[in-house]
Amino acid sequence: MQIKRAAVIGSGVMGSGIAAHFANAGIPVVLLDIPAKEGDDRSAIAKGAVQRLLKTDPAPFMHPKNAKLVTPGNLEDDLALLADVDWIVEAIVENPAVKADLYRRIDPVRKAGSVVSSNTSTIPLGVLVEGQSDAFRRDFLITHFFNPPRYMRLLEIVGGEATRPDALAAVADVCDRALGKGVVRCKDTPGFIANRIGVYWIQTAINAAVDLGLTVEEADAIVGRPMGIPKTGVFGLVDLVGLDLMPHIAKSLLATLPENDPYRAAFREHPVITRMIAEGYTGRKGKGGFYRLNRDGGAKVK
Ligand code: NAI
């Protein structure tokens, strides 16, 4: 099978970045999100995401000349667009029930034999396909892109027992050849490879810094540049990823890791993060995060 047209569902941090990366590679892409509640334009969420991709701070995610390859829409009025694409990437909220509900909606309208993949950070494939049709299970896999998708070269791919080998091969091929990714095939284990290690390490750094009363700058001076993340540091990385994603990842890992797993202790809820999320400090996509950069160009927030 060949992948010539794609769709991405969820136009948040990852979905918009993945759609931009398709467009930059010359692959036409439909970008759908939930319908907007306010205003006349029901596709305002996905359209707003496309506009943000064209901003130049913190980095140019999509070349303006490629914007015409992205068709933004909403999941109620534009579902029929999915009948025309070879690969649908799901990048919505990290919640298995919400993802399962979406899969049941898209399965009847998608092109027969098209591939569907989830960008989940942690949810095992076996959980994601529970209760889905046999055809869906055959066409489904996990493609875990890293943030930001344009620049992070790693991609984890996970197939399930039922996944068609040619679907896995086609996705791996287009990711390698067209999207420039180093593709790693992972087993269907909690957090796959990178998040099993990476999120543990991020959580441990945050818990330790808060408990020791370090400032964000002091902590990042130790665990940022010296440990290989020079531009953002650990705290800046969490701002980029989105603070609100952290409890979802922790919950998902805690639900699947064995009771005696030594990683579990790192995933406790931290009151500082809970309070920041409640107050809208979800990182760059919100009012700012540990650092005051936000998505509208790095303005300082009061
Ligand atoms: P986000 O919160 O930035 O965006 C989620 C988008 O999904 C929003 O635009 C929201 O309106 C939309 N949405 C919510 N419910 C929906 C529904 N029922 N149907 C359709 N759209 C819906 O989330 P983010 O960070 O982009 O994460 C998306 C997925 O990617 C998650 O599974 C996450 O675990 C994974 N991921 C996130 C990374 C990150 O750095 N943020 C890195 C790698 C994976």
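Reading guide: rules and limits
- Residues numbered from 1 in each chain as written.
- Predicted model: local features only at pLDDT ≥ 70, side-chain atom pairs only at ≥ 80, totals over all residues.
- Near = placed C-beta within 6 Å.
- Helix = DSSP H or I, 4+ residues; strand = E, 2+ residues; numbered from the N terminus.
- Nonpolar A, V, L, I, M, F, W, Y, C, P; charged D, E, K, R; others polar.
- Domains from an automatic or database assignment.
- Buried ≥ 20, exposed ≤ 12 C-beta atoms within 10 Å, placed from the backbone.
- Pairing = 2+ DSSP bridges.
- Right-handed = clockwise from strand over helix to strand, strands pointing away.
- pLDDT = per-residue confidence, 0-100.
- Contact = placed C-beta atoms within 7 Å.
- Core = buried A, V, L, I, M, F, W, Y, C linked by C-beta atoms within 7 Å.
- Axes fitted to C-alpha atoms, helices over the stretch in contact; angles between N-to-C directions.
- Parallel < 35°, antiparallel > 145°, perpendicular 65-115°, else oblique.

- The name an unreviewed UniProt entry assigns to the chain is Acetoacetyl-CoA reductase, from the organism Azospirillum baldaniorum.

### Focus: the site of the ligand
So, point 1. Residues in contact with the ligand amount to 26 residues; listed here are only the nearest, Gly10, Gly12, Met14, Ser121 and Asn147.
So, point 2. Secondary structure elements with two or more residues in the shell around the ligand: helix H1 (13-24) and helix H3 (96-106).
So, point 3. Here the shell around the ligand is composed, by residue class, of 13 nonpolar, 10 polar and three charged.
So, point 4. When residues of the shell around the ligand are assigned to domains, at least three fall in each of domain 1 (6-186) and domain 2 (194-278).

### Examining the pairing of strand S2 (residues 29-33)
Moving residue by residue along a regular strand, the side chains alternate between the two faces of the sheet.
So, point 1. Of all five residues that make up S2, five are buried, and the element is covered over most of its length.
So, point 2. Along S2, one buried face is formed by Val29, Leu31 and Asp33 and the opposite face, lined by Val30 and Leu32, is buried too.
So, point 3. Where strand S1 (residues 6-9) and S2 come together, four bridges link them in parallel fashion. Looking at S2, one finds that Ala7 is bridged to Val30.
So, point 4. For the crossover that starts at S1, traverses H1 and ends in the parallel S2, the hand is right-handed.
So, point 5. Taken together, the five bridges between S2 and strand S3 (residues 70-74) define a ladder with parallel strand orientation. Across the sheet, the residue bridging to Asp33 is Asn74, located in S3.

### Let's talk about the confidence of the model for the chain
So, point 1. When pLDDT is averaged along the chain, the result is 91, and 96% of the positions lie at 70 or above.
So, point 2. In the predicted structure, residues 297-302 sits below a pLDDT of 50 and forms 11 contacts with residues beyond four places in sequence or in another chain.
So, point 3. As a predicted assembly, this complex carries a pTM of 0.89 together with an ipTM value of 0.98.

### Considerations on the environment of Glu90
So, point 1. Within the secondary structure layout, Glu90 lies in strand S4 (residues 87-90).
So, point 2. The class of Glu90 is buried, set by 22 C-beta atoms lying within 10 Å.
So, point 3. Considering only alpha carbons, one finds Glu90 and Thr120, 30 residues apart in sequence, at a separation of 8.2 Å.
So, point 4. Excluding anything up to four places from it in sequence, Glu90 contacts Ile9, Gly10, Lys99, Leu102, Val116, Ser117, Ser118 and Asn119.

### Quick notes on unusual backbone geometry
So, point 1. The step from Asn147 to Pro148 runs through a cis peptide bond, and the omega angle for that step is 0°.
So, point 2. Located in the positive-phi region is Phe192, a residue other than glycine, with phi close to 50°.

### With respect to the nonpolar core
So, point 1. Ala7, Val8, Val29 and Leu31 are the most contacted members of the largest nonpolar core, which has 55 residues in total.
So, point 2. With seven residues, the top contributor of residues to this core is H1.

### A few points about the pairing of S4
So, point 1. Burial along S4 is two-sided: the residues Trp87 and Val89 and Ile88 and Glu90 are all buried.
So, point 2. Bridge count between S1 and S4: four bridges; the pairing is parallel. Bridging from a neighbouring strand, Ala7 pairs with Ile88 of S4.
So, point 3. In this sheet, strand S5 (residues 115-118) lies alongside S4 in parallel orientation, the contact comprising four bridges. Note on S5: the bridge partner recorded for Trp87 is Val115.

### Here we look at the domain arrangement of the chain
So, point 1. Each domain of the chain was delimited in the assignment, giving domain 1 (6-186) and domain 2 (194-278).
So, point 2. Look at where the C-alpha atoms of domain 1 and domain 2 centre, and you get two points 26 Å apart.

### What to know about the packing of helix H8 (residues 216-223) against helix H9 (residues 233-241)
So, point 1. Interaxial distance between H8 and H9 falls to 6 Å at its minimum, and their mutual angle equals 105°. As judged from the angle between their axes, H8 and H9 are roughly perpendicular. In this structure, H8 uses Val216, Ala219, Asp220 and Val223 to contact H9, whose residues at the interface are Gly233, Val234, Phe235 and Gly236.

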